[in-house]
Amino acid sequence: MKRIVILSFFSLLLLYTSAGSIFAAAPTVPKIAFTSVRDGNREIYIMNPDGSEQVNLTQHDAGDLEPVWSPAGEEILFVSDRDGIRDLYLMNADGSNVQRVFKKSARREQPTWAPDGKQIAYSRGTVGNKIIHIATLEKQTEEPLASGYDPAWSPDGTEIAFVGGVFGRHRLSLINVHTRRQKRILPEKVIPRQHHPSWSPTGEKLAFSWNNNPLPIPPDLMQGEIFKVPIAWHDTETIYVVNRDGTNVQQIVDEDGPQATNPAWAPQADEVLYTQMIDRRLQIFKIDVTSHIRVQLTHIGDILQANVGGDWFDPATLPVPLESQLLSTTWGEMKRKNSR
């Protein structure tokens, strides 16, 4: 019996060493993944939360964008057109081992991870005809969920926030993953054009972008005149937070600057990333949700979409260190087997 236990222990050490090398691919310090066009082509970059050490991960001629960290941080899910159409790809946290998620290509964008890391949600289709889908990573089957875009999976795994609506009535909604029941977060009477939901780490709140101002439609619109929305109106879209039940709506970024979009909550729940145009270039900022003090994280880029979006990973917020979880789980299974 002792020989079996000893052999099992050495087998466990070998397994732990092998698995540890895989899990070591996750960042050991907080990192932000984002899209940058600073060299004339969309690429996936990572940086520290203070904006330092910006590194290009993809370095590919194709357009790579919309990166999101896996829940444990060892992989990044992103969008690329390297096979001729925008679709979903996976890569290691250091940019290695890039693989397409699905064998059969289709236009898939705006990915989000389930909190257990086994499923993803995304929008599929073209502008004006996007459908939220769910898929299990180990399988090739897709399940349509709702008409809409900008999906964001809740931290408890029960709901997906998304933007639904047609003909400009873009409204923030929730759908229960199991029952498929939908509900709007804000009342119907509230002005639409809500975008980019992002859950707080506890799942109690959502950040989103919103233009909370009526569209200035001129009187002659109904007489066949072409209506151009004023730039000043677009610039009033900014960042808000709201409770999960739709109460306590708060604006956290002022309307005194250009349009602010693409919020992403920090893992520590104290800050929110967002994108805003500065000197005719999109740049990434973070703002403290309490003090509203903001910090510009990116500064370079020679074209309009210089730096966009952002997804934040912090290993300190993981519930159990991955290596410890693997070791205790595997050792527990081996003890049960040896005791039979």
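Take the overall build of the protein next. The number of helices and strands found in the protein is 3 helices and 24 strands. Expressed as a percentage of the 340 residues in the protein, the buried residues total 46%. Accessible surface, the protein as shown: approximately 17,700 Å² in total, 53% of it carbon and sulfur.

This brings us to the sheet that holds strand E3 (residues 55–56). Across the sheet, 4 strands lie side by side as E3-E2-E1-E24; this open sheet has antiparallel pairing. Only two strands of the sheet have a single partner each, and these edge strands are E3 and strand E24 (307–313). Sheet topology note: the strand E1 (residues 31–36)/E24 ladder contains 5 bridges and is antiparallel. Opposite Ala33, over in E24, you have Asp311 as the bridge partner.

A separate point is the packing of aromatic side chains. Considering all chains together, one arrives at 8 aromatic pairs under this definition. An angle of 65° between the planes, with centres 5.7 Å apart, marks the rings of Phe102 and Tyr122 as edge-to-face. Within this pair, whereas Phe102 is found in the loop between strand E7 (99–100) and strand E8 (108–113), its partner Tyr122 is found in strand E9 (residues 119–126), the two being separated by 20 residues in sequence. No difference in accessibility class separates Phe102 from Tyr122, as the two residues are buried. Arranged with centres 5.5 Å apart and planes meeting at 15°, the rings of Tyr274 and Phe285 form a pair that is stacked. Within this pair, whereas Tyr274 is found in strand E21 (residues 271–278), its partner Phe285 is found in strand E22 (residues 281–288), the two being separated by 11 residues in sequence.

Turning our eyes to something else, we now look at the pairing of strand E17 (residues 205–210). Within E17, 5 of the 6 residues are buried, leaving the element largely enclosed by the surrounding structure. For strand E16 (residues 194–199) and E17, the ladder comprises 4 bridges, and the chain directions are antiparallel. From the neighbouring strand, Trp199 faces E17, where its bridge partner is Leu206. What sits between the antiparallel neighbours E16 and E17 is a turn of 5 residues, in which Gly203 has the positive phi angle 80°. Where E17 lies against strand E18 (residues 238–243), 6 bridges are found, and the strand directions are antiparallel. The partner of Phe208 across the bridge, within E18, is Tyr240.

Before going further, it helps to examine the sheet that holds strand E12 (residues 149–153). Overall, antiparallel pairing links the 4 strands, which are arranged E12-E13-E14-E15 in an open sheet. The open sheet has two edge strands with one neighbour each: E12 and strand E15 (182–184). In this sheet, neighbouring strand axes are inclined to one another by 25° on average, regardless of whether the strands run parallel or antiparallel. When E12 meets strand E13 (residues 159–164), the two strands line up antiparallel, connected through 3 bridges. By the bridge assignment for E13, Ala152 is matched with Ala161.

A few words on the pattern of salt bridges. This model, assessed by the stated rule, comprises 15 salt bridges. As a salt-bridge pair, Glu53 and Lys31 come within 3.7 Å of each other at their nearest N and O atoms. Of this pair, Glu53 sits in the loop between strand E2 (43–47) and E3 while Lys31 sits in strand E1, and the two are 22 residues apart along the sequence. As a salt-bridge pair, Glu159 and Arg244 come within 2.8 Å of each other at their nearest N and O atoms. On the criterion of sequence distance, the pair formed by Glu159 in strand E13 and Arg244 in the loop between E18 and strand E19 (250–251) is long-range, its members being 85 residues apart.

By the secondary structure assignment, Ala306 is in the loop between strand E23 (294–296) and E24. Look at Ala306 and you get buried, because its relative accessible area is 0%. Put simply, Ala306 and Arg38 are 268 residues apart on the chain and 5.3 Å apart in space, counted from C-alpha to C-alpha. Apart from residues no more than four positions distant in its own chain, Ala306 is found in contact with Thr35, Ser36, Val37, Arg38, Arg281, Leu282, Gln283, Ile300 and Gly301.

Thresholds applied
- Residues numbered from 1 in each chain as written.
- Predicted model: local features only at pLDDT ≥ 70, side-chain atom pairs only at ≥ 80, totals over all residues.
- Heavy atoms only, no water.
- Helix = DSSP H or I, 4+ residues; strand = E, 2+ residues; numbered from the N terminus.
- Buried < 20%, exposed > 50% of the residue type's maximum accessible area, 1.4 Å probe, protein only.
- Areas by Shrake-Rupley, 256 points an atom, 1.4 Å probe, with all protein chains shown as cover.
- Pairing = 2+ DSSP bridges.
- Phe/Tyr/Trp six-rings, centres within 6.5 Å; stacked < 30°, edge-to-face > 60°.
- Axes fitted to C-alpha atoms, helices over the stretch in contact; angles between N-to-C directions.
- Salt bridge = Lys/Arg side-chain N within 4 Å of Asp/Glu carboxyl O.
- Contact = heavy atoms within 4.5 Å.

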